[in-house]
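Residue strings, one per chain:
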Amino acid sequence: EAGGTALGRAADKLFSLSGLFAVRKPKGPTSAAVLNLLKERLLAEAGVQTNGNKRNQVLKIGHGGTLDSAATGVLVVGIGKGTKMLGTMLAGSKKYTAVGMLGKATDTLDATGKVTEEKPYDQVTKGDLENVLQKFTGDIMQVPPLYSALKKDGERLSTLMKRGEAVEAKPARPVRVYSLSLQHFQPPLFTLDVECGGGFYVRSLVNDIGKELSTCATVQELTRTKQGPFTLEEHALHEDKWTIDEIARSLEHCTALLPGGPARKKLKTEHPGETAVIC
């Protein structure tokens, strides 16, 4: 019947989608949960049952770098052959806007965690903060947070932490900060714009800035405004646009952004411990 053929066409279109596009990750869910929701939406729109039906084609979809559950912003998604291009996204540059809070430290280094320390911060001036930022610009060493998607023996550190297991911090590793600037200072809050390379943690940066100022600091809000060529304003699809047609349109628009077009081979990421996450 007509309905069936329309669904058939939608399913054909869905399984022919290939490339990279970006979605706007809302605050709350993990990056993996956002991907699962996107996948469910698309399969439902195409009328594809996922439990053992004859069109048991697997929809290949992955993302190019985890955003913390409390963070919002650009999440680059690979679909079809695009999943092979996600490695380049992990290693590429990213931009963030972060709101930090002086005087408080938490175990997760952001607002979702338990407060582990409180210190006075009224001695910190705008000038102090601006001076400290210079120390964190360029090629620096950074210790990743304990609550992170990095793995030990195949398990995420955050999973081990939540289970109450003793987790040793990963060693400091080289990361690159292309630019770092102070946008607002309204104690205890301060807003930073950061552009950084692969494997960089804004939560560690804010924590380190706090220590450097002889107080402590934690991330209150974090937004990824750009990843590779994808910007939040121009390219990231809001949840109401997670449809087969909108994504097809976005893929066409976004192919032009990518260097060398679809034949791009997967680059080795700078940090071998981070591979693109394919669901």
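The name recorded for the protein chain in an unreviewed UniProt entry is Pseudouridylate synthase TRUB1, from Chaetorhynchus papuensis. For the record of the protein chain, the UniProt heading Sequence similarities (unreviewed entry) holds the text "Belongs to the pseudouridine synthase TruB family."

For the structure shown, the criterion picks out 10 salt bridges. The salt bridge partner of arginine 41 is glutamate 239, with a shortest N-O separation of 2.7 Å. Placement of arginine 41 in helix α2 (residues 31-45) and of glutamate 239 in the loop between β14 (236-237) and α8 (244-255) is noted, with a sequence separation of 198 residues between them. Owing to a relative accessible area of 32%, arginine 41 belongs among the partly exposed residues under this scheme. By relative accessible area, which is 34% here, glutamate 239 ends up partly exposed. One salt bridge in this structure joins aspartate 107 and lysine 114, with 3.8 Å as the shortest N-O distance. A relative accessible area of 60% places lysine 114 in the exposed class. Overlapping salt bridges bring together Glu155, Arg163 and Glu165 as one network.

As a further point, take the environment of alanine 172. Summarising the element assignment, alanine 172 is placed in the loop between α5 (157-162) and β10 (173-186). Along the primary structure alanine 172 and proline 144 are separated by 28 residues, whereas in three dimensions their C-alpha atoms are 7.0 Å apart. If we ignore the near neighbours within four places in the chain, the residues touching alanine 172 are Met141, Gln142 and Val143.

Looking now at the confidence of the model for the protein chain. The predicted model of the protein chain averages 89 in pLDDT, with 89% of residues at 70 or higher. pLDDT under 50 marks residues 262-279. Its contacts with residues more than four places away, or in other chains, come to 40 contacts.

The next thing to look at is the pairing of strand β11 (residues 189-196). Within β11, 6 of the 8 residues are buried, which leaves the element mostly enclosed by the surrounding structure. Two elements, β10 and β11, share 8 bridges in a ladder whose sense is antiparallel. Looking at the pairing, valine 177 lines up with cysteine 196 of β11. As consecutive antiparallel partners, β10 and β11 are separated by 2 residues.

A word on the UniProt feature "domain: tRNA pseudouridylate synthase B C-terminal" (unreviewed entry) in the protein chain. Sequence positions flagged by UniProt for "domain: tRNA pseudouridylate synthase B C-terminal" (unreviewed entry) are, in local numbering, residues 203-238. Regarding residues 203-238, the helix share stands at 39% and the strand share at 42%, and the terminal C-alpha atoms are separated by 25 Å.

Time to look at unusual backbone geometry. Between proline 187 and proline 188 the backbone carries a cis peptide bond, its omega angle lying at 5°. A positive phi is found at leucine 109, a non-glycine position, where the angle reads about 70°. Assignment of secondary structure puts leucine 109 in the loop between β5 (104-106) and β6 (115-118). With phi around 60°, serine 214 is a residue other than glycine that occupies positive phi space. On the secondary structure map, serine 214 appears in the loop between α6 (202-212) and β12 (217-227). What makes serine 214 exposed here is its relative accessible area of 55%.

Quick look at α6 now. Among the 11 residues that make up α6, 8 are buried, leaving the element largely enclosed by the rest of the structure. Within α6, burial applies to Val202, Arg203, Ser204, Leu205, Val206, Asn207, Ile209 and Gly210. Tucked inside the fold, the buried residues of α6 contact β4 (94-102), α4 (126-135), β7 (138-142), β10, β11 and β12. Positioned one or two residues after α6, serine 214 has a phi angle of 60°, which is positive.

Counting residues in hydrophobic clusters, the biggest one holds 28 residues, and the most contacted among them are Leu180, Phe190, Leu192, Val194, Phe200, Leu205 and Ile209. Secondary-structure elements contributing two or more residues to this core are β4, α4, β10, β11, α6 and β12. When residues no more than four places from it in sequence are discounted, the contact partners of leucine 205 are Phe136, Gln142, Leu180, Leu192, Val194 and Phe200. Formed by 25 residues, the second largest nonpolar core is a distinct cluster that contains Leu35, Ala46, Ala248 and Leu251.

Within β4, 7 of the 9 residues are buried, leaving the element largely enclosed by the surrounding structure. Looking at chain direction, β4 and β12 are connected through 9 bridges and run antiparallel. Bridge pairing in β12 links tyrosine 96 to arginine 224.

Reading guide: rules and limits
Residues numbered from 1 in each chain as written. Predicted model: local features only at pLDDT ≥ 70, side-chain atom pairs only at ≥ 80, totals over all residues. Heavy atoms only, no water. UniProt positions renumbered as here; feature names shortened; annotations may be inferred. Salt bridge = Lys/Arg side-chain N within 4 Å of Asp/Glu carboxyl O. Helix = DSSP H or I, 4+ residues; strand = E, 2+ residues; numbered from the N terminus. Buried < 20%, exposed > 50% of the residue type's maximum accessible area, 1.4 Å probe, protein only. Contact = heavy atoms within 4.5 Å. pLDDT = per-residue confidence, 0-100. Pairing = 2+ DSSP bridges. Core = buried A, V, L, I, M, F, W, Y, C linked by side-chain atoms within 4.5 Å.

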